[in-house]
Amino acid sequence: MFAVHLLAFHFTKLKEDQIKKVDRYLYHMRLSDDILLDVMSRFQAEMVKGLGRDTNPTATVKMLPSFVRSLPDGSEKGDFLAVDVGGSLFRAHQVKVFDDGKQSSQPDNKFYPTPKEVIQGNGAELFDYIADCLVDFMETKNLKHKKLPLGFTFSFPCKQTKLEEGVLLAWTKHFKVRGVQDTDVVSSLRKALQKHKDIDVDVFALVNDTVGTMMTCGYDDQHCEVGLIIGTGTNACYMEEMRHIDLVEGDEGRMCINTEWGAFGDDGALDDLRTEFDRELDLGSLNPGKQLFEKMISSLYLGELVRLILLKMTKEGLLFNGKVSTALLTKGKIEMKHVSAMEKYKEGLNNTKEILTELNLFPSEEDCIAVQHVCTIVSFRSANLCAAALAAILTRLRENKKLLRMRTTVGIDGGLYKTHPQYAKRLHKVVRRLVPNCDVRFLLSVNGSGKGAALVTAVAYRLAAQRKQIDAALAPFLMSLETLKEVKNKMRTELEYGLKRETQASATVKMLPTYVCGTPDGTEKGKFLALDLGGTNFRVLLVKIRSGRRRSVQMYNKIFAIPLEIMQGTGEELFDHIVQCIADFLEYMGIKGARLPLGFTFSFPCRQASIDKGTLVGWTKGFKATDCEGEDVVDMLREAIRRRNEFDLDIVAVVNDTVGTMMTCGYEDPNCEIGLIAGTGSNVCYMEDMKNIDIVEGNEGKMCINTEWGAFGDNGCIDNIRTKYDKEVDEGSLNPGKQRYEKMTSGMYLGEIVRQILIDLTKQGLLFRGQISESLRKRGIFETKFLSQIESDRLALLQVRRILQQLGLDSTCEDSIIVKEVCGAVSKRAAQLCGAGLAAIVEKKRENRGVERLQITVGVDGTLYKLHPHFSRVLQETVKELAPQCDVTFMLSEDGSGKGAALITAVAKRLHNVGQK
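Residues numbered from 1 in each chain as written. Predicted model: local features only at pLDDT ≥ 70, side-chain atom pairs only at ≥ 80, totals over all residues. Heavy atoms only, no water.

What to know about the overall build of the chain
- What the chain contains, in helices and strands, is 32 helices and 26 strands.
- Against the globule reference of 29 Å for 917 residues, the chain gives a C-alpha radius of gyration of 39 Å, more extended than a compact globule.
- In terms of overall dimensions, the chain has a C-alpha envelope of 130 × 65 × 50 Å along the principal axes.
- Across the 917 residues in the chain, those meeting the buried criterion constitute 59%.
- In the chain, of all internal contacts separated by at least 6 residues, the share reaching a separation of at least 24 is 71%.
- Carbon together with sulfur atoms contributes 51% to the accessible area of the chain, which is approximately 37800 Å² in total. (Helix = DSSP H or I, 4+ residues; strand = E, 2+ residues; numbered from the N terminus. Rg over C-alpha atoms; globule rule 2.2 N^0.38 Å. Buried < 20%, exposed > 50% of the residue type's maximum accessible area, 1.4 Å probe, protein only. Contact = heavy atoms within 4.5 Å. Areas by Shrake-Rupley, 256 points an atom, 1.4 Å probe, with all protein chains shown as cover.)

Observations regarding the packing of helix H7 (residues 276-283) against helix H9 (residues 299-315)
- At their nearest, the axes of H7 and H9 sit 10 Å apart, and the two run at 120° to each other. Judged on the interaxial angle alone, H9 and H7 are oblique. Judged by the sense of rotation from one axis to the other, the crossing of H7 with H9 is right-handed. In this structure, H7 uses Glu276, Phe277, Asp278, Glu280 and Leu281 to contact H9, whose residues at the interface are Tyr301, Glu304, Leu305, Leu308, Ile309 and Lys312.
- Tallied by class, the residues present in the contact of H7 with H9 amount to 6 nonpolar, no polar and 5 charged. (Axes fitted to C-alpha atoms, helices over the stretch in contact; angles between N-to-C directions. Parallel < 35°, antiparallel > 145°, perpendicular 65-115°, else oblique. Left-handed = near helix turned anticlockwise from the far one by under 90°. Nonpolar A, V, L, I, M, F, W, Y, C, P; charged D, E, K, R; others polar.)

With respect to a negative patch on the surface
- A cluster of acidic side chains, namely Glu572, Glu573, Asp627 and Glu631, defines a negative patch on the protein surface.
- Of note, Glu573 is situated in helix H20 (residues 571-589). (Patch = residues over 30% accessible without salt bridge, like charges linked within 9 Å, V, L, I, M, F, W, Y side chains within 5 Å. Salt bridge = Lys/Arg side-chain N within 4 Å of Asp/Glu carboxyl O. Lys, Arg positive; Asp, Glu negative; His and termini not counted. Charge placed at Lys NZ, Arg CZ, Asp CG, Glu CD.)

Considerations on H9
- End to end, H9 covers 25 Å across 17 residues, agreeing with the expected 24 Å (1.5 Å per residue, within 8%).
- Burial analysis of H9 places 14 of its 17 residues in the buried class, the great majority of the element.
- Positive backbone phi, at 80°, marks Gly317, one or two positions downstream of H9. (Expected span 1.5 Å × (residues − 1).)

Observations regarding the packing of aromatic side chains
- A full pass over the atoms with the stated rule returns 25 aromatic pairs.
- On the basis of an interplanar angle of 75° and a centroid distance of 5.8 Å, the ring pair of Phe43 and Trp261 is categorised as edge-to-face. Here Phe43 is found in helix H2 (residues 33-51), whereas its partner Trp261 is found in the loop between strand E11 (254-258) and H7, with 218 residues between them in sequence.
- Under the relative-accessibility criterion, Phe43 is labelled buried at 0%.
- Here Trp261 and Phe293 contribute two aromatic rings whose centre-to-centre distance is 5.8 Å and whose plane-to-plane angle is 85°, an arrangement assigned as edge-to-face. Placement of the pair is Trp261 in the loop between E11 and H7 and Phe293 in the loop between H7 and helix H8 (294-297), with a sequence separation of 32 residues. One exposure class covers both Trp261 and Phe293, and it is buried. (Phe/Tyr/Trp six-rings, centres within 6.5 Å; stacked < 30°, edge-to-face > 60°.)

A few points about the pairing of strand E18 (residues 597-602)
- Among the 6 residues in E18, 6 count as buried, and that is most of the element.
- With 5 bridges connecting them, strand E15 (residues 526-533) and E18 associate as parallel partners. What sits directly across from Ala530, in E18, is Gly599.
- Where E18 and strand E21 (residues 650-655) come together, 5 bridges link them in parallel fashion. Each residue of the ladder has a partner; that of Phe600, found in E21, is Val654. (Pairing = 2+ DSSP bridges.)

With respect to the sheet that holds strand E9 (residues 224-230)
- Here 6 strands make up an open sheet; going across it, the order is E1-E11-E10-E9-E12-E13 and the pairing mixed. At either margin of the open sheet sits one strand with a lone partner, and together these are strand E1 (64-65) and strand E13 (438-444).
- In the sheet, E1 pairs with E11 via 2 bridges, with the strands oriented antiparallel. For Pro65, the partnering residue across the bridge sits in E11 and is Ile257.

Considering the pairing of E15
- Along E15, 6 of the 8 residues are buried, which leaves the element largely enclosed by surrounding structure.
- Strand direction decides the pairing type here: E15 and strand E16 (residues 537-546), joined by 8 bridges, are antiparallel. Residue pairing in the sheet places Leu531 in a bridge with Val540 of E16.

Details of the pattern of salt bridges
- One pass over the full model with this rule turns up 69 salt bridges.
- For the salt bridge of Lys418 with Asp413, the shortest nitrogen-to-oxygen distance reads 2.8 Å.
- Assessed through its relative accessible area of 42%, Lys418 is described here as partly exposed.
- Shared partners join several salt bridges into a network, and the residues in it are Arg492, Glu496, Lys500, Glu688, Lys844 and Glu847.

Points about the sheet that holds strand E25 (residues 854-861)
- With respect to topology, 6 strands assemble into an open sheet ordered E14-E24-E23-E22-E25-E26, the strand pairing being mixed. Where the open sheet ends on each side, the last strands, each with one partner, are strand E14 (512-513) and strand E26 (886-892).
- As paired strands, strand E22 (residues 672-678) and E25 are joined by 5 bridges and run parallel to one another. When the bridges of E25 are listed, Ile674 appears paired with Val858.
- Those strands touched by helix H31 (residues 871-882) are E22 and E26, and its axis lies near 160° from that of E26.

A closer look at the environment of Thr658
- As for its position among the elements, Thr658 is in helix H22 (residues 657-668).
- Along the chain, Thr658 and Leu676 lie 18 residues apart, while their C-alpha atoms are 5.9 Å from each other.
- Once you skip the residues sitting within four places of it in the chain, Thr658 turns out to touch Gly675, Leu676, Ile677, Asn683, Val684 and Cys685.
- A distance of 2.6 Å separates polar atoms of two side chains, one belonging to Thr658 and the other to Asn656. (Polar contact = N/O pair within 3.5 Å; in protein donor to acceptor, adjacent residues only side chain to side chain.)

Description of helix H21 (residues 633-644)
- Between its first and last C-alpha atoms H21 spans 17 Å; for 12 residues at 1.5 Å apiece the expected length is 16 Å, and the two agree.
- Where H21 is buried, its residues contact E15, H20, E18, strand E19 (606-610), strand E20 (613-616) and E21.
- With a side-chain oxygen lying 3.0 Å from the backbone nitrogen of Val634, the N-terminal cap of H21 falls on Asp632.
- Looking one or two places after H21, you find Asn645, whose phi comes out positive at around 55°.

As for the packing of helix H29 (residues 813-849) against H31
- The contact between H29 and H31 brings their axes to 8 Å, and the two run at 40°. On the basis of their axis angle, the class for H29 and H31 is oblique. When you trace H29 past H31, the crossing you get is right-handed. Here Ser827, Lys828, Ala830, Ala831, Gln832, Cys834, Gly835, Ala836, Leu838, Ala839 and Val842 of H29 lie close against H31, whose contacting residues are Phe871, Val874, Leu875, Thr878, Val879 and Leu882.
- Residues that form the contact of H29 with H31 fall into these classes: 12 nonpolar, 4 polar and 1 charged.

Details of the nonpolar core
- Counting residues in hydrophobic clusters, the biggest one holds 114 residues, and the most contacted among them are Leu228, Trp261, Leu394 and Leu427.
- Looking at which element gives the most residues to this core, the answer is helix H13 (residues 365-400), with 19 residues.
- Beyond its immediate chain neighbours, meaning those up to four positions away, Leu228 contacts Thr210, Thr213, Asn235, Ala236, Trp261, Cys386, Leu390, Val410, Gly411, Ile412, Asp413 and Leu427.
- Judged by nonpolar contacts, the second largest core, of 83 residues, contains Leu474, Ile693, Val800 and Ala825. (Core = buried A, V, L, I, M, F, W, Y, C linked by side-chain atoms within 4.5 Å.)

A closer look at the confidence of the model for the chain
- The predicted model of the chain has a mean per-residue pLDDT of 89, with 96% of residues at 70 or higher.
- Within the chain, the lowest mean pLDDT, 64, falls on helix H1 (residues 2-25), and the highest, 97, falls on H31.
- Low confidence marks residues 2-11, where pLDDT is under 50. Its contacts with residues over four positions away, or in another chain, come to 3 contacts. (pLDDT = per-residue confidence, 0-100.)

Written out as structure tokens, the structure is:
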């Protein structure tokens, strides 16, 4: 028993001695966590370089866009072919993808040898050989009669400008085919396939094996967004935000980046970590100075590294009694399979003895222990370096998502990872140590490069079909120049109908006279009250106007809510509520006893018989108070004041908010003769020559006309541009068949149009995995403010997803892109239609003045115009295009409905006083 213990002690001591000897000898290959964190930050810097347009040409890590924009979502289906070139064998695959709710795919493949004369011959021979293998496979599987899309896995660095194209940058691994570098490998394969007239195969996607690995694992686990190969070669890919990829146009969504990390260090960035053995191996390789990181990691080189170390140690008398065999001097004699066998847990030492004996080295027990430890250090360094670069990618992903902690999956393939007894465990452990804030699942890819290429093709097929359906849904929102000119001309016709006595009664655009006959001239002064009713809030204002050199307007106001039950109750209740609010304000300001002149902004269609008489034509914007339509709103307000019997007011003017907007801007710019509201509602007013207004007596001077253009199209004249979504929104509104133009252009309805489109696209299975959530069923859930937020150029898709999540819509990255596109289509059409209508007005003004070129200012108000990121620009561009002889300045109004009402009251008072004199 004692002898056994003694022997065990002797062996342990012997092992420790040998391990220490090798550790000292290969000190530079043992990397601490600090060194690995440093490698990680160096790789992060290289990634940024590779992604930048200006820095990419000199970057060693090329960060190649793969044009793979989407991971599998489970709805892919069909029959696909794949061919896989780049490993030690060629492979042809048939992959059937089933859309059965469970996500399943059946791969069927066949291996073909890679003869040396093919992989180191010329290009034509290589591609002919690939085509021959594919034809043989199709014959074997009885597929020659089928038309099948092909995914081409080509495991070498290629520059892509689209999915089905790739220019080879450089050969790696043991390939060195002449005449292929700097050419498109897809067109070469297509040419080779065209020689076979009996098959019909189209190359649909060029895929790197790393990307194929990610896609295969992404099919089984939707958290997978990194692909990693550790085999003959090594590489990684991951899903990068488009906004960070300078080399590709567009900022929306994500794209898979093939890092080509094997070239990391080719610029000397890793020289301090490379040993004399790495340098010697590199000098003897097919591509000296290239793929230096790969040469420290991949299985093609690790066996050779071990051989070079053993050779030097032997020459120095540290192994095999200093006796070098011919085999040890021969390049390539130690392969990765030998290294793996030597590192096996139990039989490793026996394996080491056998392998070394085969190399004509006569190892002692000490030699076997030392050699086994050399293998461990070389393979452990490989796993460490791989982990550091992978940790850099994971950190970038986490930072892109702005997460403190991230859960993700890495899809892995490659012989070294799969067959080495310790490699996977070491890699996982080091990654988790370097990025403790990432919960990483490592998923082994099954048949990644072949099945992956088929899946990339399947996803591309799905996206192409989806694109067609989305384009079809949004096509009716595209406004051609001809269509916009037609809208402008129809608007002009309707404006004329509204101005003529004989057609006014049946006109949809009512062209209501406002009896506002002048704009401010700067002499207005005094204290005025203003009321503003036009939305869900009601305001009361005190406005102090000063004239002369110290010309100014001071305002004090208070906002009151109008509950829904009052908006849709009786007229008496509505006006009693308004008077209650006025009483509160007068008390708050301490002016209850003063009889001040008042301007009443009433932002609904009114027919006026004078400036202080306004008969409500019809409610809009969600109001439905009874016993008001056909009544004079000024009388109703006076009646309510009388009922309360607390104070009296001099109601001078009933004002539309659009007119108020024009007057506010007219106070600053005398050239302002048009007012536009683009907010909850949509409307325009302008100063018309009295001689053109048949419905009002007199031909001298001008009067402001409130067009009430929201009703444009109520007679069916723009039915040709109304979509099924517009019709659904109209039918579900409070006033079906009314205000059709407003329902296509105003903030109150745009969100609802978007919601209808999203429901339709979801029903077609193009959004939200085909599931219509409860929140999406709710009318009004998609407010127009969300359009403005979603379309903001500064908003990343991640934030778009957050907005959708707030609405109870669980969206993918692809969903967010589609939602943003839908919002863009709806708001752009709204701005263009609004611009077409405005172009009709400015053209009319130009003709009224009889000038070749008109210079005019439009006063604008409304949240859609002010807050939407693109509405104002599109509207202005449309006016410019449709009214090229008009130079239009757009001026933002400051509180048109409040300040404007006071200014109209002040101008009316001034004109009244002038009339009395």
